[in-house]
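Close look at the chain arrangement
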Amino acid sequence: MEPGKIVYTGKSKSGKEIIFRYPTKDDLKSLWEYINTISKEKTFITFQGEEMTLEGEQRWLEGELQKIADCKAVQLLAFSDNQLVGVSGITMGERAVKHVGVFGITIAKDFRNDSIGTLLMNNVLKEAKKNLRDLKIVALGVFGNNPVAQKLYKKMGFIEYGNLPKGVMYRGTLVNHLAMYQEI
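Described below are features of the structure shown in this document. From a predicted model like this one, the values you see are computed outputs, not experimental measurements.

Our next topic: the overall build of the protein. Along its length, the protein carries four helices and eight strands. Reading the helices (α) and strands (β) of the protein from amino to carboxyl end gives β-β-α-α-β-β-β-α-β-α-β-β. A globule of 184 residues ought to have a C-alpha radius of gyration of about 16 Å, and the protein, at 16 Å, matches this closely. Its C-alpha atoms give the protein principal-axis dimensions of roughly 40 × 35 × 35 Å. For the protein, long-range pairs separated by at least 24 residues make up 58% of all intrachain contacts whose partners lie at least 6 apart in sequence. Surface summary for the protein: the accessible area is close to 10,000 Å², and the carbon and sulfur share equals 52%. Counting 26 positive and 21 negative side-chain charges, the protein places the averaged centre of each group 6 Å from the other.

All right, on to the side chain of Glu 127 then. Tracing the backbone through its elements, the reader meets Glu 127 in helix α3 (residues 116–131). Residue Glu 127 is classed as buried on the basis of its relative accessible area, which comes to 2%.

Next up on the list: the nonpolar core. One finds Phe 103, Met 121, Tyr 153 and Phe 158 to be the most contacted residues of the largest nonpolar core, which totals 49 residues. A total of seven residues in this core trace back to one element, the largest contributor, which is α3. Among residues more than four places away in sequence, those in contact with Phe 103 are Ser 88, Gly 89, Ile 90, Met 121, Val 124, Val 138, Ala 139, Leu 140 and Tyr 153.

Another aspect to go through is the sheet that holds strand β6 (residues 137–143). The eight strands are arranged β1-β2-β3-β4-β5-β6-β8-β7 in an open sheet whose pairing can be described as mixed. Bordering the open sheet on either side are β1 (6–11) and β7 (159–170), each of which pairs with just one other strand. Across the sheet, the mean angle from the axis of one strand to that of its neighbour is 20°, orientation sign disregarded. Bridge count for strand β5 (residues 100–107) against β6 is three bridges, and the pairing is parallel. Residue Val 102 lies in a different strand from β6, and its bridge partner there is Ala 139. Running at roughly 150° to strand β3 (residues 73–80), α3 makes contact with β1, β2 (17–21), β3, β4 (83–92), β5, β6 and β8 (173–183) of the sheet. Against the sheet, helix α4 (residues 147–155) engages β5, β6 and β8, with an angle of about 160° to β6.

For the structure on display, the rule yields seven aromatic pairs. Note on Tyr 8 and Phe 20: the rings are 5.0 Å apart at their centroids and 25° apart in plane angle, and the pair reads as stacked. Here Tyr 8, found in strand β1, pairs with Phe 20, found in strand β2; they are 12 residues apart in sequence, far enough to count as distant. Through successive ring pairs, a cluster of aromatic residues spans Phe 44, Phe 143 and Tyr 170.

Criteria and thresholds
- Residues numbered from 1 in each chain as written.
- Predicted model: local features only at pLDDT ≥ 70, side-chain atom pairs only at ≥ 80, totals over all residues.
- Heavy atoms only, no water.
- Helix = DSSP H or I, 4+ residues; strand = E, 2+ residues; numbered from the N terminus.
- Rg over C-alpha atoms; globule rule 2.2 N^0.38 Å.
- Contact = heavy atoms within 4.5 Å.
- Areas by Shrake-Rupley, 256 points an atom, 1.4 Å probe, with all protein chains shown as cover.
- Lys, Arg positive; Asp, Glu negative; His and termini not counted.
- Charge placed at Lys NZ, Arg CZ, Asp CG, Glu CD.
- Buried < 20%, exposed > 50% of the residue type's maximum accessible area, 1.4 Å probe, protein only.
- Core = buried A, V, L, I, M, F, W, Y, C linked by side-chain atoms within 4.5 Å.
- Pairing = 2+ DSSP bridges.
- Axes fitted to C-alpha atoms, helices over the stretch in contact; angles between N-to-C directions.
- Phe/Tyr/Trp six-rings, centres within 6.5 Å; stacked < 30°, edge-to-face > 60°.

The following block contains the structure:
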């Protein structure tokens, strides 16, 4: 899995040109701006308004690039007209859970509901099956008040296996945190 490798080029449902590729060190500024924009939105992610420092984002990116090189993670970036519009990946567990990969995905506000999430998820799963040799199960967490994501995950073959009541904070309110998985 080489940095910058393009794994998909195509169009979204509305016809927007999209490219999915692995990250490089040169993506630092785009990733930093992207996560801070998504965080301010207080959408269905664990960042709920916090601001990531450039140094913090650099540490995260360097860690991800190392995990990708070690076949411990898959991380794809989605671009439309050279703008970062989505990030998704699977990171492998360690020791007794080294066969479990944890999935995550975010899509920029203006690019949601345009099939980019589904396409990105399909490509991440495909890359994970190909490159993460210990992968047997993909797990994810989803906000209980996010029916759009729940529907997508079920459509993709994920099964709900747990619910932690009031397990995650959404815009200052505690909501259920659902756990889902898919065997590979």
